[in-house]
Amino acid sequence: MARSGSDGSATDLVARIVVDALEQAPEDLVAFLNDACGEDQSLRDEVEALLEIDRRFEGSAILEVPVAEQLGWFRSEEPAPLEIPDTLGPYRLIEQVGKGGMGLVYRAEQEQPVRRQVALKVMRVVASERWKDRFAMECQTLARLNHPNIATLFEVRIDGAEIPPYVVMEFVDGPSITRFCNENRLSIDARLRLFLKVCAGVGHAHEKGVLHCDLKPSNVLISQTDRMHEPKVIDFGIARALNNRGDEADPTLGAVSGTPPYISPEALEPDGRQLMDSRTDVYALGVLLYELLAGVLPHDRLGAGILAMVRRFHQDEPPRASARLAALAPEMREKIADERRFSARSHERRLRGDLDAIIDKAISRDRADRYGTPAELAQDIECHLDQRPIRARLPDRAYVLRRFLRRHAAAVTSGGLAILALTVSLVFAVMGEQRASRALAESEQVSNFMLSLFEGADPEQASGEAITVIELLDQGKARLSEELRDQPEARARFLTAIGSIYTKLGELQQASDLLDEALRIQRETYPEGHPQLVASEAEMGIILRRLGRYGEAEPLLRSVVLARKEDADVELELLARAHSNLGNLYWSQERFEEAEVEHRAAYALRQENTRRLRTSAARSDEAISANNLGVMLLSRGQNRDARPFLLRAIELFRTENPALLGSALTNLGLIERRLDTWQRAEALFREAIDVQDATVGTRSARSMRSRHNLAMALSGRHEYEEAMTVSREAVALTEEMDDVLAMATALRGLGRTQAQAGLFEDAARTLTRCVDALEVAHGADHAATLRCRTNRAAAFADLGDRDRALEEFEAIAEAQRELPPNHPARLRTDEFLGLSLRSLGDPAAAEIRLRRVLEGRRAILGPGHLFIVESTKDLAAAIADQGRLEEAAELYREALELAYETLGDRHPSVAETAHELGIIEERLGDPRAARKSLQLALHAREAVYPPDDADLMATREALERLDR
């Protein structure tokens, strides 16, 4: 490997090779260096020199020398080598996996009283009582820690003359956090979420009074057992008590502890080390975060000696992570960016702003400027992930407003105009129209107050630096309530207006609290049916529905409908909105018949409003109502009934609200796929992609979903190559979006297409990537993760891996055990399990699952729903596999009749069902019936599939067989 670029890039290369080399097993080191350094002998010499320094200090786990000897940074003598027996107590040593200042670390096996692999750390036998004290302190430290992100202590053996002292801990069989992230090409957001767990583990240790003092990638390993990827902080061997009292000797005082370049500045100074606290570990966490996100360490000069190098780390201001990237050689920038699923330019842009500021604050040379605890660091990262302002950046107006707009991009369609509209509406709501007009025109104090209120319209920290939007609005409420103490009506209007804004921001509980207070005031002030009271009840009902408090929401929303109906002067849009809100409540409870009544009422009123007003706003409202009614009917399988509503929504959205046109096109495409007009679905999905790319942008969840649906339509026609191309495009877009859920949907679609195309190994890999990303971001039991795990389990079955498939299905079922029996997620899991059992050669077990799916879907879906057709066909196949051909034929005929009536004679589902029925009829000795079914299958397959499709060829061959 040739060295390239400037001196800085060369030292970057040396640093990366050294870091990777330190993680190699001893027997793999030579091969690693041969590959990493190639024929560049000067590079090899530099790397080996640094590794030799590391070897002298036994992995740099602790660099411990008297203060007088620190300038030389060496020990006056090497500890004697350890002679370790093959067995220590109940533990059989398997292999050495590490070494440190305290001794050697082995992977060992325990057989009694439980069988498990453990990490066994053996203390060096030296005469110094100092070492024994340190060992005792390590044991006491570890015993206090109990956290899922910290390796667990199992046992300590410190006495006995025949065997050396040792500690037994949880064995973490996984790579370092940096290697795991790079090898799996985790996105920036996924890395941040993994890092949050590290902060949680270290924060737990701090709460127990323990510093780590040697946080670095090789001490943060990723446990990959049970399909989970959890970071585990290991090796608290050089930790010191945070609450160390003066009467307790601390063996670490007077010693330099840690690993360059993760050592904090105060740890290098004799006086400073006595003041080490949680900010010491925050510094190391900051360096680790720098490395995780930027791929390099903060400094690019290694220096001739370790002490000189470390001192340079803390005397020279480190460059910001984005600037550090910009200075690297182009090929290194591209490699690092690719590991994070970015182009080099996009990667650098991603780090600018919040992430640069967070890292800078964490690794500040002045510990007073750092985050006080890992929890504070984690809080800023969480704010960044949620598009909220962070503590590390000054709360200037433009920054806070950008955070607001980015966080609520879907709701805020016109940027500053939307903010201004909210501001003006709030002023009018609080002070009344005439007073507000004068205030906006004449009162600079009121105007500034309202503008300042909305400059902070997104969460920010409190405690004197900046405040959250909730705190900001609460302060405004308190100020105006003081001024309006004797004006309860105005105060109630203010609370209602603020609550409405909270609702728009998604802060539903805060909105509920404010509106509850407003309702108490208004019920004491206004008579029943007063417009202000009804408006507040409507707002409160919406919030309660979104919070899932349906029993509380229903009486409110029903009373709003009645009040609007009784108001002779009511605006039609207000009454339509009342019906729509009540319909949404019923829909949420799966009370579909009642929901349909309300949505039809809303649609009729909005149609009338369009005829009366002839305004763009009225037509847009009608389109929204038409789209809602269409989607609700679609979800019930009433496809033909839903179609005209979505056609009307599309017609209106084209002129009145193009931003929503793509969604309506996609919804219509989903309907067309379930009707005899299914060929139109492709064109609709393609148009939806074009519209959404133009209106909401290529890198949006809406655009990705349309590509996903297009790929599924192509896959249904067996156009697998184009389907996989479109799916890969969707995956690439979501990687740039850094949206885990959107990426998972795209990956799941790609994996399903690969499985349908018979590329089972590719499908398993793709779906594993989907599962891994979701587990890191949301956990193994998240609904999205379980959907992807279901697809992956089916892929394992397709590969013939029965054990892995059934183990996965069992885990999924356990995670879903609290759901109702006929919940769609549970039925879907049973469906995939039944299909997998059939492919694994167990049709009897498959029949049990598939019969339950069919019965469940019949109970909750309409008779013509495509899912009923598919479930009936799947059950028939499992029964046929058991030789019960007559029973299977009856089910196939039932499925074919349903499919033909609903989908016509050229739908893929009709083709598949007719072919399978024809084969069964042939086996039953009824060639006439078989020929009729197979001719229908051929007619459909010729219209649907490519000319050289294998399934089409199979139908032709079956007909030729009958004719012979």
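Residues numbered from 1 in each chain as written. Predicted model: local features only at pLDDT ≥ 70, side-chain atom pairs only at ≥ 80, totals over all residues. Heavy atoms only, no water.

## Examining the overall build of the protein
Going by this rule: Helical segments are the DSSP runs of H or I of at least four residues, strand segments are the runs of E of at least two, and each set is numbered from the N terminus. When accessible area is computed with a 1.4 Å probe and restricted to protein chains, residues below 20% of their type maximum are described as buried, those above 50% as exposed, and intermediate ones as partly exposed. Contacts are residue-level and defined by heavy atoms, with any inter-residue pair within 4.5 Å sufficient. The Shrake-Rupley method, run with a 1.4 Å probe, gives the accessible areas here. Residue values count only the displayed protein chains as cover.
Summing up its helical and strand segments, the protein has 42 helices and eight strands in all. Put simply, the protein has 964 residues, and 55% of those count as buried. A separation threshold of at least 6 residues defines the contact pool for the protein, and within that pool the share at least 24 residues apart is 61%. Of the roughly 42100 Å² that the protein leaves accessible, carbon and sulfur atoms contribute 49%.

## Let's talk about helix H24 (residues 572–588)
Filter applied, for reference: Here a helix's expected span is defined as the number of its residues, less one, multiplied by 1.5 Å.
Its 17 residues give H24 an end-to-end C-alpha distance of 24 Å, which sits within 8% of 24 Å, the value for a rise of 1.5 Å per residue. Counting buried residues in H24 gives 13 out of 17 residues, a clear majority hidden from the surface.

## Some words on the side chain of Ser364
The following threshold applies: Here a polar contact means two N or O atoms within 3.5 Å. Within protein one must be a hydrogen donor candidate and the other an acceptor candidate, and residues neighboring in sequence count only if both atoms are side-chain atoms.
Inspection of the secondary structure assignment puts Ser364 in the loop between helix H13 (354–362) and helix H14 (374–385). Judged by relative accessible area, Ser364 falls into the buried class, the value being 12%. Within polar-contact distance, the side chain of Ser364 engages the backbone oxygen of Asp366 at 3.1 Å.

## Quick word on the pattern of salt bridges
Using the following cut-off: Should a side-chain nitrogen of Lys or Arg be within 4 Å of a carboxyl oxygen of Asp or Glu, the pair is scored as a salt bridge.
Inspection of the entire model under this criterion finds 59 salt bridges. With a shortest N-O distance of 3.7 Å, Arg115 and Glu109 are connected by a salt bridge. Assessed through its relative accessible area of 61%, Arg115 is described here as exposed. A salt bridge links Glu608 to Arg612, with the shortest nitrogen-to-oxygen separation between them at 3.1 Å. Of the two residues, Glu608 and Arg612 both sit in helix H25 (residues 592–613), four residues apart, roughly one turn of that helix.

## Comments concerning the nonpolar core
Keep this limit in mind: In plain words, nonpolar cores are sets of buried Ala, Val, Leu, Ile, Met, Phe, Trp, Tyr and Cys residues tied together by side-chain atoms within 4.5 Å.
Among the nonpolar cores identified, the biggest contains 69 residues, and Ile17, Ile177, Phe195, Leu377 and Ile381 are the most heavily contacted of them. No other element matches the 11 residues that helix H8 (residues 278–294) contributes to this core. Excluding residues that lie within four positions of it along the chain, Leu377 makes contacts with Phe195, Cys199, Leu285, Ile358, Ala362 and Tyr371. By size, the runner-up hydrophobic cluster in this structure holds 45 residues, among which are Leu508, Ala553, Met632 and Ala649.

## Some thoughts on the environment of Glu808
Among the structural elements, Glu808 can be located in helix H35 (residues 802–815). Residue classification places Glu808 among the buried positions, given a relative accessible area of 1%. Measuring from C-alpha to C-alpha, the distance between Glu808 and Phe796 comes to 9.1 Å, with 12 residues separating the pair along the chain.

## Some words on the side chain of His204
Along the polypeptide, His204 turns up in helix H6 (residues 188–207). Beyond its immediate chain neighbours, meaning those up to four positions away, His204 contacts Arg144, Leu145, Asn146, His147 and Ile150.

## Thoughts on the confidence of the model for the protein
Defined as follows: You can read pLDDT as the predictor saying how much it trusts each residue, on a scale of 0 to 100.
This prediction gives the protein a mean pLDDT of 78; 75% of its residues lie at or above 70. The secondary structure element of the protein with the lowest average pLDDT is helix H17 (residues 433–442), at 38, and the one with the highest is H8, at 94. Scored below 50 in pLDDT, residues 241–255 makes 35 contacts in the model with residues more than four places away or belonging to other chains. Below pLDDT 50 for its whole length, residues 301–308 participates in 20 contacts with residues either more than four positions away or in separate chains.

## Here we look at helix H41 (residues 927–944)
Across its 18 residues, H41 extends 25 Å between first and last C-alpha, which sits within 8% of the 26 Å expected from 1.5 Å per residue. Looking at H41, one finds that the buried residues are Ala930, Ser933, Leu934, Ala937, Leu938, Ala940, Arg941 and Val944. Among the structural elements, helix H30 (701–716), helix H40 (908–923) and helix H42 (950–963) are those in contact with the buried residues of H41.

## Points about the state of the cysteines
To be explicit about the condition: The criterion for a disulfide is a pair of cysteine sulfur atoms lying within 2.5 Å.
One pass over the full model with this rule turns up one disulfide. Shown here is the disulfide that connects Cys770 with Cys788, its sulfur atoms set 2.2 Å apart. Note that Cys770 is positioned in helix H33 (residues 760–778) and Cys788 in helix H34 (residues 783–798), a separation of 18 residues in sequence. A relative accessible area of 1% means that Cys770 is categorised as buried.

## Focus: unusual backbone geometry
Although it is not a glycine, Arg341 sits at a positive phi angle of roughly 65°. With respect to the helices, strands and loops of the structure, Arg341 is situated in the loop between helix H11 (330–338) and helix H12 (344–351). Here His718, not a glycine, exhibits a phi torsion of approximately 65°, which is positive. Here His718 falls in the buried class, since its relative accessible area comes to 13%.

## Notes on the packing of aromatic side chains
Centre distance and the angle of the planes are the two values used to describe a pair of aromatic rings. Spelled out, the test is: Two rings from Phe, Tyr or Trp (for Trp, the six-membered ring) form a pair when their centres sit within 6.5 Å of each other. Planes less than 30 degrees apart are called stacked, planes more than 60 degrees apart edge-to-face, and all others tilted. A ring is considered to have a charge above it if a Lys NZ or an Arg CZ atom is located within 6 Å of its centre and within 35 degrees of its normal.
Counted according to the given criterion, the structure contains two aromatic pairs. A centroid spacing of 6.1 Å and a plane angle of 80° characterise the contact between Tyr91 and Tyr166, whose relative ring orientation is edge-to-face. Of the two residues, Tyr91 sits in strand S2 (residues 91–100) while Tyr166 sits in strand S6 (residues 166–170), which places them 75 residues apart along the sequence. Owing to a relative accessible area of 0%, Tyr166 belongs among the buried residues under this scheme. When the ring of Tyr603 is compared with that of Phe645, the centres are 5.3 Å apart and the planes differ by 75°; the resulting orientation is edge-to-face. Of this pair, Tyr603 sits in helix H25 while Phe645 sits in helix H27 (residues 639–656), and the two are 42 residues apart along the sequence. Both residues of the pair, Tyr603 and Phe645, belong to the buried class. In this arrangement the basic side chain of Arg116 is found over the ring face of Phe154, its NZ or CZ atom lying 3.9 Å from the centre. A cation over a ring is seen here: Arg804 above Phe796, with NZ or CZ 4.0 Å from the ring centre.

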